[in-house]
Amino acid sequence: MASHLIGSFQLMKSLNRTLILNIIRSTGGISRADIAKRTKLTPPTVTNLAAELLSEGIVVEGQHGPSSGGRKPILLKINSRQFYVAGIDVGISKIRFALTDLDARVLIRKTIPVQDSPKEADIMDVLIQAIRSLSSEVPKGKLVGIGIGMHGIVNSAKGVALYAPNFNLKNIPLKEKLEEEFGIPVRVENDARAMALGESWFGNGAGAADMICINVGHGIGAGILMDHKLFRGRHGLAGEIGHTVADLNGPLCTCGNYGCLQAVAAHDGLKRAAMREISFGRKTLITDMISGDESKLNGALIYQAAIAGDELAADLFRQAGRYLGTAVTNLIHVMNPSKIIIGGGISKAGDLLLDPVREVVRQRALDPEAKKTPIVASGLGDEAALIGAVTLILAEMFSVQYKHQTELV
Ligand SMILES: [Zn+2]
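Note that the coordinates shown come from a computational prediction; the quantities given were computed from them, not determined experimentally.

## A word on the sheet that holds strand 11 (residues 186-190)
Judged by pairing direction, the sheet is mixed, and its 5 strands sit side by side in the order 6-5-4-7-11 without closing on themselves. The strands lining the two open edges of the sheet, one partner per strand, are strand 6 (106-113) and strand 11. Taking the axes of each pair of neighbouring strands and ignoring which way they run, one obtains an average angle of 15° across the sheet. In this structure, strand 4 (residues 84-90) lies alongside strand 5 (residues 94-100), joined through 6 bridges in antiparallel fashion. Opposite Ala-86, over in strand 5, you have Leu-99 as the bridge partner. Helix 5 (residues 174-182) contacts strand 7 (143-150) and strand 11 of the sheet and is inclined by roughly 155° relative to strand 11. Against the sheet, helix 6 (residues 191-202) makes contact with strand 7 and strand 11, and its axis sits at roughly 105° relative to strand 11, the strand it touches most.

## What about the coordination of the zinc ion?
Taken together, His-243 (ND1), Cys-253 (SG), Cys-255 (SG) and Cys-260 (SG) make up the full set of protein donors to the zinc ion, lying 2.0 to 2.4 Å away. Considering all 4 donor atoms around the zinc ion, angles at the metal cover 104 to 122° and the coordination shape is tetrahedral. Between the donor residues of the zinc ion, the gaps in sequence give the motif H-x9-C-x1-C-x4-C. Here Cys-253 lies in the loop between strand 14 (229-231) and helix 7 (261-265) and His-243 lies in the loop between strand 14 and helix 7, a separation of 10 residues in the sequence.

## Observations concerning unusual backbone geometry
What is expected of a backbone is that most residues other than glycine have negative phi and most peptide bonds are trans. Located in the positive-phi region is Ser-291, a residue other than glycine, with phi close to 35°. With respect to the helices and strands, the residue Ser-291 is situated in the loop between helix 9 (285-290) and helix 10 (299-307). Taking the relative accessible area as the measure of exposure, Ser-291 reaches 52% and is therefore exposed. For Asn-336, which is not glycine, the phi torsion reads 50° and is therefore positive. Mapped onto the elements, Asn-336 comes out in the loop between helix 11 (311-335) and strand 15 (339-343). You can call Asn-336 exposed: its relative accessible area is 56%.

Conventions adopted
- Residues numbered from 1 in each chain as written.
- Predicted model: local features only at pLDDT ≥ 70, side-chain atom pairs only at ≥ 80, totals over all residues.
- Heavy atoms only, no water.
- Pairing = 2+ DSSP bridges.
- Helix = DSSP H or I, 4+ residues; strand = E, 2+ residues; numbered from the N terminus.
- Axes fitted to C-alpha atoms, helices over the stretch in contact; angles between N-to-C directions.
- Contact = heavy atoms within 4.5 Å.
- Donors = N, O, S within 2.8 Å, 3.2 Å for Na, K, Ca; no water.
- Tetrahedral: all angles 85-135°; square planar, octahedral: opposite > 155°, others 65-115°.
- Buried < 20%, exposed > 50% of the residue type's maximum accessible area, 1.4 Å probe, protein only.

So this is what it looks like as structure tokens:
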């Protein structure tokens, strides 16, 4: 048999296997006969692949399903506690780790701070030590993969962090180094994209084929899911909405340009606007709360002031929300998603931030349907990027579309 035929046979087998796994996972338990009906695969194909999955321990036979007259069929279920996944969210000041089961339930979590101006070797050391410690908690061979959500620009096909601006590091070969160290698959994705995937599987994006998830924290990034697939663009830059221009005469951004969205609506933008108002003599609770120490000023503190009734604090979120709302309107006009999810540290302000976003979209979106685009908070909160990182591995195990995307592109 020609090698390309063997290749396509193996690919077909692997796609069928993923198809079956996905149906078992999404139904929570299903008989072999019903799998054959739903997938249109022949019963012997289903029986053979099910036997393979049972022998690997990834699937177990569960309780009997309802009988349609004869013997009650045995249901196949995912053996979610048989295998584990490590998820990592590499933020700018800390790295979060989680060990989860195959349902993305977090069994162990840990957070390690990142030192200032780390070297590549420092980051790799932290990652290797933490993964080693997580994998020591499960039986040998049961950790099936490592998913990483990384801030900055990522080449996900090669698993390389091309540019991590806050570390000032370039070309970190995460996948290559960690696969060499641990001998299991490692997948790397930009953190906002990992969040979008996590939200679409386990959060507020469930069922949405076209969805955009925006991470608003120290920076602003978006993960774009179109037709259930992550959209990355030619060089992995798609979704970098933090560096789209929000105000031509706006303040300097970390990227060197002026007036970027994140320079006015993310952490530093809020902080800068607060300090300007205070310097103009505006009365605010924030003055007492920071007692002269500007370094104490952050999104969480401004939120506390806002819920204590401080007008300036509420104004700051309203203004950030309006800038964000303009960016969201632009995104709606470019991608026309069915839903927008907003997560990240600043989004903890909830409706203080989201209501102005919704208002701008209602005012500016082109037609009645676009004006109604649901804009909701992240369902996974602080752990959205972490669960998203885990989902990078799960999606490859369980989703035909995702597998197809990663194998063939
Ligand atoms: Zn910028």
